Amino acid sequence: MDSNSVSPMPELAPIAEFDKSPPSPPNEEVPMDDLPPPPTISQAEGKKIKIQRSRSYDSDENERGACEWCEYALVITLATILLIGVSALTVFWVFFYREGYAWADDIPEKQFNLHPTLMVAGFITFSGFSVLLYRICRCFRRIYVKLLHAIFHALAFPCIVIGFLAVLDYHNKKGINNFYSLHSWIGLVAMGLFGLQYAVGFFSFLLLLICNKGTAGFRASLVPVHAAFGVLTFVLGVAACLTGLTEKAIFTLGSDTYASMSQEAIVINAIGMSVVAVAVLVLYTVRGTGGYRLRPAAQHPS
């Protein structure tokens, strides 16, 4: 073959040159000067956050509409009027129809008059105000609300005790058996729960505040139980008052006079209906709707 006929060899592409420098370590630290500064919180903003964390109500508490505020104010006003009015109406009934009060052996009927008056005052008026405090005192600190709650229960306690002793002594003087009626059974259970609630509440929510941080979890877990039994005690007190008023009306006036709707019978029924209205308003206010509800107690143990 002729050497002049051989085709020339194609030129090869040059070999790429790679970076032979050593790789950078994987956990190379970024200079602190290159990092963005941390967010700063002014003293006013920090105080605002602290106040928001310590609030006991929902975040939309201040966002109620005018209708909701009117409803809230109306319910609280009616409940307050009825709580005071039911005791005032009971006192009027005793003075106008039952000849007032006394604690003497020769007039045991006047001694008995202490029983309905003090039981209505203790189980309905003072206990009702104690329950309503968590809706009335919206701007107070929790510790002040708890103190007022305890004070109203402290006012109810001697009323219930003296009212019980008055009817017990009256039965003994008249030779009447004790705890024979449904009214007495309901009242006995209500008194027992009231005493237990007061003892547990005083110990756990007042005395244990001395060691606030150490007992916060225990007190927070006890709040729903205490609240549930408090409402149950109030309902039982209402039932005891209603059955007692009916029993007193039938025994004192007689079935015929009571059925004829005499003036005293109307007053007694008015007291009973006032007690029912108080129960409805207090239970409605405690349960609430929407913005009325408190946050779970576990978030605010103190």
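Residues numbered from 1 in each chain as written. Predicted model: local features only at pLDDT ≥ 70, side-chain atom pairs only at ≥ 80, totals over all residues. Heavy atoms only, no water.

The subject of this paragraph is the overall build of the protein chain. When its secondary structure is counted, the protein chain shows 9 helices and 0 strands. The order of helices and strands in the protein chain, counted from the N terminus, is α-α-α-α-α-α-α-α-α. Of all 302 residues assigned to the protein chain, the portion counted as buried reaches 35%. Sequence-distant contacts in the protein chain: of pairs separated by 6 or more residues, those separated by 24 or more amount to 76%. Accessible surface, the protein chain: about 19,000 Å² in total, of which carbon and sulfur atoms supply 67%. (Helix = DSSP H or I, 4+ residues; strand = E, 2+ residues; numbered from the N terminus. Buried < 20%, exposed > 50% of the residue type's maximum accessible area, 1.4 Å probe, protein only. Contact = heavy atoms within 4.5 Å. Areas by Shrake-Rupley, 256 points an atom, 1.4 Å probe, with all protein chains shown as cover.)

In this numbering, the UniProt entry assigns the feature "transmembrane region" (unreviewed entry) to residues 72-96, 116-135, 147-168, 188-210, 222-245 and 265-286. Secondary structure across residues 222-245 divides into 100% helix and 0% strand, with the first and last C-alpha atoms of the span separated by 35 Å. (UniProt positions renumbered as here; feature names shortened; annotations may be inferred.)

Turning our attention to the nonpolar core. Judged by nonpolar contacts, the single largest core of 40 residues is most densely connected at Trp93, Phe123 and Ile124. Ranked by residues supplied to this core, first place goes to helix H9 (residues 263-287) with 9 residues. Core analysis: the next-biggest nonpolar cluster, separate from the first, contains 5 residues, Leu114, Leu118, Ala121 and Cys159 among them. (Core = buried A, V, L, I, M, F, W, Y, C linked by side-chain atoms within 4.5 Å.)

Right, let's get into unusual backbone geometry. Here the phi dihedral of Phe179 falls at roughly 55°; this positive angle occurs in a residue that is not glycine. The residue Phe179 is located in the loop between helix H5 (142-174) and helix H6 (182-205) in this model. Within the chain, Met261 stands out as a residue other than glycine whose phi angle is a positive 60°. You can call Met261 partly exposed: its relative accessible area is 46%.

Residues Trp103, Phe157, Val161, Ile162 and Leu165 make up a contiguous nonpolar surface patch of roughly 450 Å² in combined accessible area. Among the secondary structure elements, Leu165 is positioned in helix H5. (Patch = residues over 30% accessible without salt bridge, like charges linked within 9 Å, V, L, I, M, F, W, Y side chains within 5 Å. Salt bridge = Lys/Arg side-chain N within 4 Å of Asp/Glu carboxyl O.)

The next subject is the confidence of the model for the protein chain. When pLDDT is averaged across the protein chain, the result is 79; 72% of the residues are at 70 or more. The secondary structure element of the protein chain with the lowest average pLDDT is helix H1 (residues 43-53), at 53, and the one with the highest is H9, at 93. In the model, residues 53-62 has pLDDT below 50 throughout and makes 21 contacts with residues more than four positions away in sequence or in other chains. In this model, residues 289-302 is a region of pLDDT below 50 whose contacts with residues beyond four sequence positions or in other chains number 43 contacts. (pLDDT = per-residue confidence, 0-100.)

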